[in-house]
Amino acid sequence: MAAKSGIKSAPKSPDDWNALFFEATQLFTPSTPIDENDLFAGRGVQIRKMMEGTLERGKHVILFGERGVGKTSLAKVFHGLFPTTLRHIFAVREQADPSDDFSSIWRKIFKDIHVQAIRGGKTDLVPVSDFYTGEIAPDDIRRELEAVFKANDIPVLIIDEYDKIGDKKKTNELMANTIKSLSDYGVNVTIVLVGVADNINDLMGEHASLGRCVEQIPMPRMNITERREILEKIVPRLGMKLHDDALWKIVHLSRGLPAYVHSLGLYSTESAINRRSVVITESDVDAAMKRVLERSQESIKEEYSKAIHSNRSDNLYKEVLLACALADTDSEGRGTFAPLAVCKPLSNILNRPVKIDAFQQHLKKFITEERGNVLVRRGHDRAFRFRFREPMMQPFVIMQGIEQGLVEPTAIDALSFPAQGKLAI
């Protein structure tokens, strides 16, 4: 329906406009990981490292980072980005949950790996899981994978949401032993573990030091170029145009989280379509912000209310939390900030100079159950850094602050490095 670039003629009938919006809902996916290679944006460094880890015999991959930065999307598509001249890639992706242990995770994987077996006098393809009804040991996995996969295949076994497993200590120990065994024996297979963690020790515990066996890949928040690329891939496919101010606003409000690029992009597109326009403007993004706030998860809304609630009218919890959301973060894209970085945005919000002493107690409260543990603190005394426990909370807080008039929309000017040149698509 849509052209690859440029603005198409505006739809003529209500049905045509509805069809355009339907297409937008298929391309903008704020609630679902990307599974179409053509729509996957950015992450060149992580893709290269995952490819290198996959192609190097005896190497395995651990992909970790904040929630909502696109780890699952990358895990779903990276093996489809290999050059077509390579050998056949056999990819299996399974999702862990709190009920899983080491054996149940591998039973899931084995359900998707089939081998020939004789049953009732006939040769048939059966899942490997049929042969493992009880406990599965690392040596079982090594022998099975060694027998199944041949040299002309590139097997990639992805375990997503690994951080959710129930029996972490035992599973981590057995998984580390499995990876070590596969590497030592040079088995032609790559295990990819994907999970939410600040570092590899959080994900794998004391078994993280697998040395040369593992390619450790941190997944940072998206930079400006990567956020732009999402919009540059989708908007032209709709035959629409995104005004430079609108693009700038979406890119900066999203705070490096692809889900917010998609949600703001979708609702901005909806607003333009409701105006019967194929040009998305800044006013459409403003309308999108309201829609995002309305349709945010109830858990986010409840956690925000818990964090800022106070019976005292002169409390500053709302203002300090907003300043935390606007604070300059680390250059590594992990979303962490130092207390000193809160001073400038809070001074702007309160229209008076503010020092750390004025909000230090608020930061301490934000890491307690009383305030819903809205922030997480890392480091040591005089060198503490904070981040939002739920990354999706950060853009939500900023948009709430704009809607409530606590901060001007121009406050997002300093959220990221300035973009190069005009941003129009």
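Residues numbered from 1 in each chain as written. Predicted model: local features only at pLDDT ≥ 70, side-chain atom pairs only at ≥ 80, totals over all residues. Heavy atoms only, no water.

1. Topic: the overall build of the chain
Consideration 1: A count of helical and extended segments in the chain gives 16 helices and eleven strands.
Consideration 2: Counting the 425 residues in the chain, one finds 52% classified as buried.
Consideration 3: Contacts in the chain between residues far apart in sequence, at least 24 positions, make up 73% of those at least 6 positions apart.
Consideration 4: Of the roughly 20000 Å² of accessible surface on the chain, 49% is carried by carbon and sulfur atoms. (Helix = DSSP H or I, 4+ residues; strand = E, 2+ residues; numbered from the N terminus. Buried < 20%, exposed > 50% of the residue type's maximum accessible area, 1.4 Å probe, protein only. Contact = heavy atoms within 4.5 Å. Areas by Shrake-Rupley, 256 points an atom, 1.4 Å probe, with all protein chains shown as cover.)

2. As for the packing of helix α1 (residues 14-27) against helix α10 (residues 258-274)
Consideration 1: Close contact between α1 and α10 brings their axes to 10 Å; oriented N to C, the two are set at 175 degrees. Taken together, the axes of α1 and α10 lie roughly antiparallel to each other. In this structure, α1 contributes W17, L20, F21, A24, T25 and L27 to the contact, and α10 contributes H262, L266, T269, E270 and I273. (Axes fitted to C-alpha atoms, helices over the stretch in contact; angles between N-to-C directions. Parallel < 35°, antiparallel > 145°, perpendicular 65-115°, else oblique.)

3. Focus on the pairing of strand β10 (residues 375-378)
Consideration 1: Pairing analysis gives four bridges linking β10 to strand β11 (residues 385-388), with the strands arranged antiparallel. Each residue of the ladder has a partner; that of L375, found in β11, is F388.
Consideration 2: As consecutive antiparallel partners, β10 and β11 are separated by six residues, and within that stretch G379 has a phi angle of approximately 95 degrees, a positive value. (Pairing = 2+ DSSP bridges.)

4. Observations concerning the packing of helix α12 (residues 298-308) against helix α13 (residues 317-326)
Consideration 1: With their axes 8 Å apart at the nearest point, α12 and α13 run at an angle of 120 degrees to one another. Taken as axis vectors, α12 and α13 run oblique relative to one another. Between α12, through Y304, A307 and I308, and α13, the contact on the second element is made entirely by Y317, K318 and L321.
Consideration 2: Residues that form the contact of α12 with α13 fall into these classes: five nonpolar, no polar and one charged. (Nonpolar A, V, L, I, M, F, W, Y, C, P; charged D, E, K, R; others polar.)

5. Some points on the nonpolar core
Consideration 1: By size, the foremost hydrophobic cluster in this structure holds 86 residues, and its most contacted members are M240, L321, L375 and F388.
Consideration 2: Among the elements that line this core, the one with the most residues is α13, at eight residues.
Consideration 3: Excluding residues that lie within four positions of it along the chain, L375 makes contacts with C324, F337, L363, F366, I367, F386, R387, F388 and R389.
Consideration 4: Residues V92, Y162, I191 and C213 belong to the second largest nonpolar core, which totals 40 residues. (Core = buried A, V, L, I, M, F, W, Y, C linked by side-chain atoms within 4.5 Å.)

6. Observations concerning the pairing of strand β1 (residues 60-65)
Consideration 1: Burial analysis of β1 places six of its six residues in the buried class, the great majority of the element.
Consideration 2: Burial along β1 is two-sided: the face carrying H60, I62 and F64 and the face carrying V61, L63 and G65 are both buried.
Consideration 3: Examined bridge by bridge, β1 and strand β7 (residues 214-219) share six bridges and lie parallel to one another. Of the residues in β7, the one forming a bridge with I62 is Q216.

7. Quick notes on the sheet that holds strand β6 (residues 190-196)
Sheet strands associate in pairs through backbone hydrogen bonding, adopting either a parallel or an antiparallel arrangement.
Consideration 1: The sheet built from five strands is open, its strands ordered β2-β5-β6-β1-β7 with parallel pairing. Pairing within the sheet leaves two strands with one partner each, and these edge strands are β2 (88-95) and β7. Strand-to-strand twist of the sheet, defined as the mean angle between neighbouring strand axes without regard to direction, takes the value 15 degrees.
Consideration 2: In terms of strand pairing, β1 meets β6 through five bridges, oriented parallel.

8. Some points on the environment of V278
Consideration 1: By the element assignment, V278 lies in the loop between α10 and β9 (279-280).
Consideration 2: Separated by 261 residues in the primary sequence, V278 and W17 have C-alpha atoms spaced 9.8 Å apart.

9. Some points on unusual backbone geometry
Consideration 1: One non-glycine residue with positive phi stands out, namely R255, at about 55 degrees.
Consideration 2: Here R255 lies in the loop between α9 (244-253) and α10.
Consideration 3: Phi at N373 takes a positive value of approximately 50 degrees, unusual for a residue other than glycine.
Consideration 4: Here N373 shows up in the loop between α15 (360-366) and β10.

10. Digging into the pattern of salt bridges
Consideration 1: Considering all chains together, one arrives at 27 salt bridges under this definition.
Consideration 2: Of the charged contacts in the structure, one is a salt bridge between E232 and R228, with a shortest N-O distance of 3.2 Å. Within this pair, E232 and its partner R228 are both found in helix α8 (residues 224-234), separated by four residues, close to a single helical turn.
Consideration 3: Overall, the relative accessible area of 34% leaves E232 in the partly exposed class.
Consideration 4: Counted as one network, the salt bridges with shared partners bring together D139, R142, R143 and E146. (Salt bridge = Lys/Arg side-chain N within 4 Å of Asp/Glu carboxyl O.)

11. Considerations on the environment of G68
Consideration 1: In this fold, G68 is placed in the loop between β1 and α3 (71-77).
Consideration 2: Owing to a relative accessible area of 29%, G68 belongs among the partly exposed residues under this scheme.
Consideration 3: Here G68 is in contact with L257 and P258, once residues within four sequence places are set aside.

12. Structural notes on the packing of aromatic side chains
Consideration 1: Under the counting rule described, the total for this entry stands at seven aromatic pairs.
Consideration 2: For the ring pair F110 and Y132, a centre distance of 5.4 Å and an interplane angle of 40 degrees mean the geometry is tilted. Highlighted residues: F110 in helix α4 (residues 102-111) and Y132 in the loop between β4 (122-127) and α5 (138-148), separated in sequence by 22 residues. No difference in accessibility class separates F110 from Y132, as the two residues are buried.
Consideration 3: Where Y317 meets F366, the ring centres are 5.9 Å apart and the plane angle is 70 degrees; that geometry is what we call edge-to-face. (Phe/Tyr/Trp six-rings, centres within 6.5 Å; stacked < 30°, edge-to-face > 60°.)

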